[in-house]
Amino acid sequence: MTITITNNFHENASSETLGSLKLRSDLTTLKETLPLFKLVRQDQDITMLEEVAQRFKHFKNVIVLGTGGSSLGGRALCDLADEPETTLHFYDNIDPHTFKRLFKKIDLKTTGVIVISKSGSTAETLMQKMVCLQQWAAQSLPIKDHFLVITEPTENAMRNLAQSYDIQTLDHPTDIGGRFAVFTLVGLLPAMIAGLNVYQFRNGALDCLKSLDTSLMEHPATQGALHQQTLLSQGKTISVLMPYIDRLNTFALWYRQLWAESLGKNGKGTTPIAALGTVDQHSQLQLFLDGPKDKFFTVITTHHMDPEFTITTHLNHSNISLFDQKTMGQLMAAEQQATIDTLKNNGCPLRHIHLDEINEYILGYMMMHYVLETLAMSSLLNVNAFDQPAVEEGKILTRQYLKAA
Ligand code: PA5
């Protein structure tokens, strides 16, 4: 399986910048030292997860609690699964209405709960978990049979709470941050429960990473960052990612978080926007085409050659006869090409990524591509991709306000 990512954003986008030297040195260091890159080069950790995945496959539903990087990657992966026997439900918010609706809808007896928090101190995830514990306890269900926690092997609230209920607790790697954690048990365990081939997912990630060994500066991710630096210098401050594939909708949300939280620092960064074709043709596309010229685009397409849903109609109305003997996929293919051409005709910088198939390997490859592109961009912008200091103030205030409530 091959994926070709060509950074044809703009004919004038140069790949040589003043930051190239620093970029080469930073990428070389990361390539040799980043714990995430070491992790994807082996698969013993996956073997160890098989037993836990089996335990959760016995449930009809599995609720995954967590937020940000502890939720989006796993969700994006699970969106590949066609009708898994166990249905995964990702809850990343704390709207009481949503939880009331959830408890009305599912049978707790046949539902498992996986709670993910690297730090073990995220208020939202702790609240979600305590709410669920009370629900299961109220029905006298054996908590330790239904719950599992993933958190760092440190002294933290999530781990303490798990111990007090005798809940099995798996270690979140201490050296891989939330938004980079999709390649760890955080993304893999939910995917295994959904019946996906996570070895293929890792292989895709690894193949993308390996090509860094042979072509550090020519790697599409490095080139992508270099092109985006040029675009940024031309006032293009907004990066739109628009797949024409429903199964990649959450992948675009995952990208948005990775890009925003890793790069938006010290007044720097580009603003990521997640869009979905064709839906956003009827929502954001007008702005994309005719609003401020401050955006660049990555459109992801596939063949949509599925022969299902061929229309047969004899109605003699031009707007209907057009559909005769055409499939739903053909309309999708026509629309994605039309958007690409319209963006180009309107002078919008565009990168087109075409995927022959959508599967675990491809998603692993694409996610690693974006991790690399993010890291390359952080080097060019001279920001630390691995922290998020600005959001800490809000967390401190939240605790104060809750205490006073
Ligand atoms: O990417 C990140 O670091 C964040 O989005 C975290 O994943 C998010 O804040 C949740 O943190 P934790 O896993 O510690 O609960």
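Numbering of residues starts from 1 in each chain and follows the order in which that chain's sequence is written. Side-chain atom pairs in this predicted model are given and counted only at pLDDT of 80 or more, local residue features only at pLDDT of at least 70, and totals for whole chains, interfaces and linings cover all residues. Derived side-chain values reflect all non-hydrogen atoms in the structure, with water molecules and hydrogen atoms excluded from consideration.

A. Region of interest: the domain arrangement of the protein. Domain delimitation follows an automatic or database domain assignment. The domain boundaries assigned to the protein delineate domain 1 (3-32 + 215-381) and domain 2 (37-196). In this structure, domain 1 and domain 2 have C-alpha centres spaced 30 Å apart. Contacts are assigned to residue pairs that have any heavy atoms within 4.5 Å of one another. With 23 residues of domain 1 at the contact, the number on the domain 2 side is 17 residues. Taken over both partners, the interface formed by domain 1 and domain 2 buries close to 1,900 Å², and the fraction arising from carbon and sulfur atoms is 72%. The salt bridge definition used is simple: a Lys or Arg side-chain nitrogen within 4 Å of an Asp or Glu carboxyl oxygen. Remark: the boundary between domain 1 and domain 2 carries one salt bridge. Accessible area, probed at 1.4 Å, shrinks when two parts are joined; the buried area is that loss added up over both.

B. Structural view of helix α10 (residues 198-214). Compared with the 24 Å implied by 1.5 Å per residue over 17 residues, the 25 Å span of α10 between its first and last C-alpha is a close match. Accessible area is worked out with a 1.4 Å probe on protein chains only. A residue is then buried under 20% of its type maximum, exposed over 50%, and partly exposed in between. Runs of H or I in DSSP of at least four residues are treated as helices and runs of E of at least two as strands, each being numbered from the N terminus. Buried within α10 are the following residues: V198, F201, R202, G204, A205, L206, C208, L209 and L212. Between the side-chain oxygen of the N-cap and the backbone nitrogen of Y199 there are 3.0 Å, and the N-cap of α10 in question is N197. Between the first and last residue of a helix there are one fewer steps than residues, each counted as 1.5 Å, and that sum is the expected span. A 3.5 Å cut-off defines polar contacts: any pair of N or O atoms within that distance qualifies, except that in protein one atom must be a possible hydrogen donor and the other a possible acceptor, and neighbouring residues in sequence count only when both atoms are side-chain atoms.

C. Layout of the sheet that holds strand β3 (residues 111-116). Strands pair, by our definition, only if DSSP identifies at least two bridges between them. Here five strands make up an open sheet; going across it, the order is β2-β1-β3-β4-β5 and the pairing parallel. Of all strands in the sheet, those with a lone pairing partner are β2 (87-91) and β5 (168-171), marking the two edges. For this sheet the average axis-to-axis angle between neighbouring strands, irrespective of direction, equals 20°. Two strands pair when backbone bridges link them, and strand β4 (residues 147-151) and β5 are joined in this way by four bridges, in the parallel orientation. Looking at β5, one finds that T151 is bridged to D171. Here an angle of 0 to 180 degrees is reported between the N-to-C directions of two axes, which are lines fitted to C-alpha atoms, with helices fitted over the stretch in contact. Against the sheet, helix α5 (residues 96-105) contacts β1 (61-65) and β2, and its axis sits at roughly 160° relative to β2. The sheet strands contacting helix α9 (residues 185-193) are β1, β2, β3, β4 and β5, and the helix crosses β4 at an angle near 155°.

D. Local environment of the packing of aromatic side chains. Aromatic rings from Phe, Tyr and Trp, with only the six-membered ring used for Trp, were paired whenever their centres fell within 6.5 Å, and each pair was classed as stacked if the ring planes differed by under 30 degrees, edge-to-face if by over 60, and tilted otherwise. Under the counting rule described, the total for this entry stands at 11 aromatic pairs. Their ring planes at 50° and their centres at 5.6 Å tell us that F56 and F59 sit as a pair that is tilted. The class of F59 is buried, set by a relative accessible area of 12%.

E. Examining the site of the ligand more closely. In the vicinity of the ligand there are 13 residues, among which S70, S117, S119, T122 and Q257 approach most closely. One of the side-chain nitrogen or oxygen atoms of S70 is found 2.6 Å away from an oxygen atom of the ligand. All accessible areas in this document rest on Shrake-Rupley with a 1.4 Å probe, and a residue is counted as covered only by the protein chains that are shown. Compared with its free state, where it exposes 380 Å², the ligand has 87% of that area covered by protein. Using a 1 Å grid laid over the protein atoms alone, points where a 1.4 Å probe fits but cannot get out form a cavity; open sets with protein on both sides within 12 Å along at least 5 of 7 lines form a pocket; any residue with an atom within 4 Å of a point counts as lining. Put plainly, a molecule is in a cavity or pocket when over half of its atoms are within 2 Å of the grid points there. With respect to the pocket detection grid, the ligand is positioned in the largest pocket. Grouping the amino acids of the shell around the ligand by side-chain chemistry returns no nonpolar, 10 polar and three charged. We define proximity as follows: a residue is near a molecule or strand when any one of its heavy atoms falls within 4 Å of that partner. Here the term charged refers only to Asp, Glu, Lys and Arg, the term nonpolar to Ala, Val, Leu, Ile, Met, Phe, Trp, Tyr, Cys and Pro, and the term polar to all other amino acids, Gly among them.

F. Summary view of the layout of surface pockets. The volume enclosed by the largest pocket comes to roughly 1,100 Å³. Taken together, 31 residues make up the lining of the largest pocket; nearest its centre are T67, T122, A123, E124 and K395. Counting only elements with at least two residues in the lining of the largest pocket, the list comes to α6 (123-138), α12 (249-263) and α17 (392-404). In terms of residues, the lining of the largest pocket owes the most to one element, α6, which gives six residues. Considering only residue class, the lining of the largest pocket consists of 10 nonpolar, 14 polar and seven charged. Grid points are joined across faces, edges and corners, and a volume is the space filled by probe spheres set on the points. By volume, the second largest pocket is sized at about 610 Å³. Every residue lining the second largest pocket is counted, 22 residues in all, and those nearest its centre are I245, D246, R247, H304 and D306. It is helix α15 (residues 328-345) that provides the largest number of residues to the lining of the second largest pocket, a total of five residues. A per-class count over the lining of the second largest pocket returns eight nonpolar, five polar and nine charged. Of the residues that make up the lining of the second largest pocket, three or more belong to each of domain 1 (3-32 + 215-381) and domain 2 (37-196).

G. Spotlight on a positive patch on the surface. What goes into a patch is any residue over 30% in relative accessible area without a salt bridge, connected to like charges within 9 Å or, for nonpolar side chains (Val, Leu, Ile, Met, Phe, Trp, Tyr), within 5 Å. Only four residue types enter the tally: Lys and Arg on the positive side, Asp and Glu on the negative side; His and the chain ends are excluded. To locate a charge, take NZ of a lysine, CZ of an arginine, CG of an aspartate or CD of a glutamate. A cluster of like positive charges, contributed by K100, R101, K104 and K105, occupies part of the molecular surface. Looking at where K105 falls in the secondary structure, it is placed in helix α5.

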